[in-house]
Amino acid sequence: MTSFILPPASGCNQRHYEVMIGEFCQAKFRLDMTGLERNAWCSWPKTMKIYEELTNCTHQVALKMDCFWPNGVVDDFFMQIHRDYFSDCALTGRLPHDPPIGILAPFIAVPVLITLLMTAAVVWRSKRTEGVL
């Protein structure tokens, strides 16, 4: 089995790498994911360790086979994993959202107040032109 993983003399054989990550990494990932209830697949805390192991597996196989990592094969591999296992997951929790009003209010109020004060100062100064010239 060890000789099967050794890199070819010409460098990375991407087709062979694709087969190897399918056999080693995807098979274990599939087994680990079937150990979870399907409704837990979208829970990052529950799938994080499994996902990290999958990522590490693809990296280790790449190192053994003298392949760059990440590469196009890995990108396609993870896109397929996401289509198969995470396509039904909602984007909630990952979408950007407004900060709490306690943080947002000063960033709105301070520029508005400065603008009003500067406008008032210009108007007040323009009415007091008697000793300027």
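The structure displayed is predicted, hence computed values, not measured ones. (Residues numbered from 1 in each chain as written. Predicted model: local features only at pLDDT ≥ 70, side-chain atom pairs only at ≥ 80, totals over all residues. Heavy atoms only, no water.)

1. Considerations on the state of the cysteines
Under the counting rule described, the total for this entry stands at three disulfides. A disulfide bridge connects Cys12 with Cys67, and the sulfur atoms are separated by 1.9 Å. What sets the handedness of the Cys12 and Cys67 disulfide is the S-S torsion sign, and at about 85 degrees it is right-handed. Of the two residues, Cys12 is situated in the loop between helix 1 (2-5) and helix 2 (14-34) and Cys67 in the loop between helix 3 (44-64) and helix 4 (72-86); the sequence distance between them amounts to 55 residues. Accessibility expressed as a relative area gives 9% for Cys67, which makes it buried. Note on cysteine connectivity: Cys25 is disulfide-linked to Cys57, with sulfurs 2.0 Å apart. Between Cys25 and Cys57, the S-S dihedral sits near -80 degrees, and the bridge is therefore left-handed. Of the two residues, Cys25 is situated in helix 2 and Cys57 in helix 3; the sequence distance between them amounts to 32 residues. (Disulfide = S-S within 2.5 Å. Helix = DSSP H or I, 4+ residues; strand = E, 2+ residues; numbered from the N terminus. Buried < 20%, exposed > 50% of the residue type's maximum accessible area, 1.4 Å probe, protein only.)

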